[in-house]
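# Summary of the model geometry
Next come the chains, spelled out residue by residue.
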Amino acid sequence: MAQVTRRPSAWAWVWLVIWAVFSWLPLVATLDFSLRARKGMLSLKAYQNIFADPGFYNSLAFSFQMALLTIVISIFLVVPTAYWVHLRLRRARPLVEFVTLLPFVVPAVVIAFGLIRWYCCPPFAFVSSPLLLVAGYVVLSLPYMYRAADTGLRAIDVCTLTEAAQSLGASNLQTFFLVILPNLRASILSGAFLTFAIVMGEFTLSSLLAWPAFGPYMQYVGVFKAYESAALAIISFALTWLVMLLMLWLVRGWAAARAVTAPR
Amino acid sequence: MAVKSLLVEKERINLRGVLRARLGELHTVWAWVPMLPFFVFAVAFLLLPSASIVVRSFQGEQGQFTLANIERIFTRPDLLRAYENSILLSIATAIFGGVLGFLLGYAITLGRLPPSIRSMVLTFSGVASNFAGVPLAFAFIATLGQMGLVTRALNDLLGRNIYHSGFSIYNFWGLSIVYTYFQLPLMVLIITPALDGLRREWREAAEGLGATAYHYWRYVALPILLPSLLGTMVLLFANSFGAYATAYAFSGSQINLVPLVIGFNIRGNVLYDPGLGNALALGMVVIMAISIAFYSYLQRRSELWLK
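What you see is a predicted model; the values in this text were computed from it and never measured. (Residues numbered from 1 in each chain as written. Chains lettered and ligands numbered in written order. Predicted model: local features only at pLDDT ≥ 70, side-chain atom pairs only at ≥ 80, totals over all residues.)

### Here we look at the overall build of chain A
In terms of helices and strands, chain A carries 11 helices and zero strands. What you see in chain A, going N to C, is helices and strands ordered as α-α-α-α-α-α-α-α-α-α-α. Rg of the C-alpha trace for chain A: 23 Å, well past the compact-globule value of 18 Å for 264 residues, more than 25% over. Each of the three principal axes of chain A carries a C-alpha extent, and together these read 75 × 75 × 35 Å. The contacts of chain A with a sequence gap of at least 6 include a subset with a gap of at least 24, amounting to 75%. (Helix = DSSP H or I, 4+ residues; strand = E, 2+ residues; numbered from the N terminus. Rg over C-alpha atoms; globule rule 2.2 N^0.38 Å. Contact = placed C-beta atoms within 7 Å.)

### Considering the overall build of chain B
Summing up its helical and strand segments, chain B has 15 helices and zero strands in all. The 307 residues of chain B split such that 40% are buried. When contacts within chain B are restricted to residue pairs at least 6 apart in sequence, those whose partners lie at least 24 apart make up 75%. (Buried ≥ 20, exposed ≤ 12 C-beta atoms within 10 Å, placed from the backbone.)

### Re unusual backbone geometry
Even without being glycine, A:Ala210 reaches a positive phi, approximately 60°. With respect to the element layout, A:Ala210 can be found in the loop between helix 9 (204–208) and helix 10 (214–224). Of note in the backbone geometry, B:Arg112 takes a positive phi value of approximately 55° without being a glycine. Relative to the helices and strands, B:Arg112 resides in the loop between helix 6 (77–108) and helix 7 (115–128).

### Topic: the domain arrangement of chain B
Residue and element names in this part refer to chain B. When cut into domains, chain B gives domain 1 (1–66) and domain 2 (78–302). Taken together, the contact between domain 1 and domain 2 spans four residues of the former and four residues of the latter. Residues that form the side of domain 1 that touches domain 2 fall into these classes: two nonpolar, one polar and one charged. (Domains from an automatic or database assignment. Nonpolar A, V, L, I, M, F, W, Y, C, P; charged D, E, K, R; others polar.)

### Here we look at the nonpolar core
By size, the foremost hydrophobic cluster in this structure holds 157 residues, and its most contacted members are A:Val78, A:Val110, A:Ala112 and A:Ala149. If one sorts the elements of this core by residue count, helix 6 (residues 130–155) of chain A sits on top with 15 residues. Residue assignment places this core across two domains, with domain 1 (1–66) and domain 2 (78–302) of chain B each supplying three or more. In contact with A:Ala149, other than residues within four places in its own chain, are A:Val78, A:Val79, A:Ala82, A:Leu184, A:Ser187, A:Ile188 and A:Gly191. (Core = buried A, V, L, I, M, F, W, Y, C linked by C-beta atoms within 7 Å.)

### Topic: the interface of chain B and chain A
With 66 residues of chain B in contact, the opposing surface of chain A contributes 69 residues. Per-element tally for the side of chain B that touches chain A: the top contributor is helix 4 (residues 36–57) of chain B, with 11 residues. Its residues placed into classes, the side of chain B that touches chain A shows 50 nonpolar, 12 polar and four charged.

### Details of the confidence of the model for chain A
All names here are of chain A. Across chain A, the average pLDDT comes to 87, with 94% of residues at 70 or higher. The least confident element of chain A is helix 11 (residues 226–261), whose mean pLDDT is 80; the most confident is helix 3 (residues 54–87), at 94. Confidence drops under pLDDT 50 across residues 259–264; counting only partners more than four residues distant or on other chains, this segment forms one contact. (pLDDT = per-residue confidence, 0-100.)

### Some remarks on the packing of helix 14 (residues 258–267) of chain B against helix 15 (residues 274–302) of chain B
Residue and element names in this part refer to chain B. At a minimum axis distance of 10 Å, the contact between helix 14 and helix 15 shows a crossing angle of 150°. Judged by the angle between their axes, helix 14 and helix 15 are roughly antiparallel. Crossing angle aside, the handedness with which helix 14 passes helix 15 is left-handed. Contacts between helix 14 and helix 15 involve Val258, Val261, Ile262, Asn265 and Ile266 from the first element and Leu276, Gly277, Leu280, Ala281 and Met284 from the second. By residue class, the composition of the contact of helix 14 with helix 15 is eight nonpolar, two polar and no charged. (Axes fitted to C-alpha atoms, helices over the stretch in contact; angles between N-to-C directions. Parallel < 35°, antiparallel > 145°, perpendicular 65-115°, else oblique. Left-handed = near helix turned anticlockwise from the far one by under 90°.)

### Observations regarding helix 4 of chain B
If you check helix 4 of chain B, its first and last C-alpha atoms are 30 Å apart, about what 22 residues at 1.5 Å a residue would give, namely 32 Å. By the largest-angle criterion, B:Val43 marks the main kink of helix 4 of chain B, which is about 45°. Buried residues of helix 4 of chain B: B:Phe38, B:Phe41, B:Ala42, B:Phe45, B:Leu46, B:Pro49, B:Ser50, B:Ile53, B:Arg56 and B:Ser57, and no others. Looking at the buried side of helix 4 of chain B, the elements it contacts are helix 3, helix 4 (93–105), helix 5 (108–119) and helix 6 of chain A together with helix 5 (68–75) and helix 15 of chain B. (Expected span 1.5 Å × (residues − 1). Bend = angle between axes of the 7 residues up to and from the residue.)

### Comments concerning the confidence of the model for chain B
Residue and element names in this part refer to chain B. Considering every residue of chain B, the mean pLDDT works out to 84; 88% of them sit at 70 or more. Element-level pLDDT for chain B is lowest in helix 1 (residues 2–6), with a mean of 48, against a maximum mean of 93 in helix 6. The complex prediction reports pTM at 0.84, with the ipTM value standing at 0.85.

### Here's the deal with the packing of helix 5 of chain A against helix 4 of chain B
What describes two packed helices is the angle between their axes and the distance between those same axes. Orientation of helix 5 of chain A relative to helix 4 of chain B, taken along the N-to-C sense of each, is 85°, at an axis distance of 8 Å. Relative to helix 4 of chain B, the element helix 5 of chain A lies roughly perpendicular. Contacts between helix 5 of chain A and helix 4 of chain B pair A:Val110, A:Phe113, A:Gly114, A:Leu115, A:Arg117 and A:Trp118 from the former with B:Phe45, B:Leu48, B:Pro49, B:Ser50, B:Ser52 and B:Ile53 from the latter. Tallied by class, the residues present in the contact of helix 5 of chain A with helix 4 of chain B amount to eight nonpolar, three polar and one charged.

### A closer look at the environment of B:His164
Residue and element names in this part refer to chain B. Topologically, histidine 164 is positioned in the loop between helix 9 (149–158) and helix 10 (172–196). Since 8 C-beta atoms lie within 10 Å of it, histidine 164 is described here as exposed. With 137 residues separating them along the chain, histidine 164 and arginine 301 place their C-alpha atoms 47 Å apart.

### As for the environment of B:Leu48
Mapped onto the elements, B:Leu48 comes out in helix 4. Counting along the chain gives 191 residues from B:Leu48 to B:Asn239, while the straight-line C-alpha distance between them is 23 Å. When residues no more than four places from it in sequence are discounted, the contact partners of B:Leu48 are A:Trp118 and B:Val43.

Structure follows, in structure tokens:
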């Protein structure tokens with residue numbers, strides 16, 4: 001049959017072109033729109049307005065801090081747990097997997113609703129603390145972080161590594177921090193970057209808990225300023241790309257480095 | 001790894017058994033202690049708040065048991081309408097995203113496009129599936145809004161405004177196009193590994209027996225792929241059903257959606273009614289839970305052949 005040849009099939013090109021148009025047209029249109037802040041000519045005025053707005057930097061800085069806190073807490077909660085499940089408590093795996101999948105089942109708006117109702121009133125009145133927002137973000141990050149840690153742990157031989165470390169006299173903590181963690185850095189990093197991208201653009205929790213994060217800022221600009229909002233969409237898309245490319249680059253670099261030191 | 005190369009397979013298994021036995025001497029209860037931070041956090045910020053929604057949906061103002069909150073959803077046409085809109089929008093975008101994503105997945109796997117295109121499509125999909133919410137709304141207003149690039153281009157091309165022919169980015173089909181933008185890349189990311197799992201031998205065997213491309217797809221490939229196709233589309237359904245930010249950014253939209261109604265309830269404006277809010281959230285969780293249960297059932301079915 002003709003299909004056996006290595007030539008790409010014509011239909012494949014058709015679907016690719018449809019995809020390319022659908023995927024890139026909105027970005028091109030947004031870029032075009034963002035450059036039309038001055039009537040009748042192309043200009044960077046919308047971008048200048050954004051970069052001159054202190055609200056832009058403040059909200060970006062706020063989301064950045066929240067993202068870092070979220071990543072640290074999420075790693076601290078998830079990675080030791082995933083390690084312990086692999087090493088010692090295999091029967092806890094379904095339970096842990098269920099909990100980490102829950103944020104997919106319970107939508108963010110419902111999580112926000114639950115958190116606000118539960119922590120609104122004494123004895124747990126801390127709805128006005130940014131820590132509640134971070135807690136919500138950590139919940140949102142659980143599926144990604146656990147999946148990343150689990151994938152990493154499946155790729156290494158946890159029992160042998162732990163056994164080797166302990167027979168050389170390492171304590172439990174030493175084993176975890178000096179042996180397991182370095183072997184997981186590529187997968188933890190991909191989970192961390194994904195969490196970062198999610199938190200930086202997050203809108204639901206930050207808006208419902210009334211925090212001046214980057215997502216609500218974008219929405220606020222969008223209500224009043226058409227061109228500036230298009231510029232913000234481009235900036236936010238570029239930021240997401242930057243984070244993803246950085247992640248791919250680092251993870252690939254580390255995977256390559258590990259392949260050299262430990263061929264399997 | 002040096003240790004590993006010195007040991008033959010059998011001894012390694014023995015050693016692991018010794019390790020297990022030694023760890024087993026620890027008291028079982030102590031084994032759960034390192035899990036405490038994780039579970040305490042999950043209980044405090046995920047399980048208790050979610051469970052309280054379920055409980056409070058069935059509670060009246062004095063805390064007595066009642067079904068009134070849930071009944072109220074069924075007696076309010078606007079709320080039923082919101083559920084209907086959300087479900088229909090999620091089904092429509094799951095089908096659009098699912099079909100387009102499958103075709104694109106086909107193009108980059110079995111379609112034998114160059115590997116560079118494959119990795120570009122997958123990287124872009126990783127970014128685009130996260131490109132939801134407010135900026136996505138801006139992008140589509142700039143594209144298909146009243147003054148959007150495509151709207152103006154079609155105006156010049158066809159000589160008439162598509163908004164005069166009933167199209168609007170703010171109505172059901174307009175929103176479907178916007179949602180499809182983040183559904184399509186998710187489909188591509190999930191379905192590509194499944195398509196990679198289709199073995200070349202299966203096609204060769206089918207062709208050796210005289211099957212045409214149609215026969216192969218109809219009797220071999222699609223039946224194998226069907227559970228993962230449907231499963232991923234159920235996931236897309238859930239993904240769109242829970243989306244709040246994109247819906248909110250189109251708040252000028254004429255169509256009402258469940259996440260928006262819950263959001264209004266939290267913000268405490270005219271609609272404020274805690275019991276009703278809990279019942280609405282419960283309805284959302286129930287629909288999500290059913291779809292995720294369906295998804296994991298289909299997932300198990302697909303593992304029969306793939307992987």
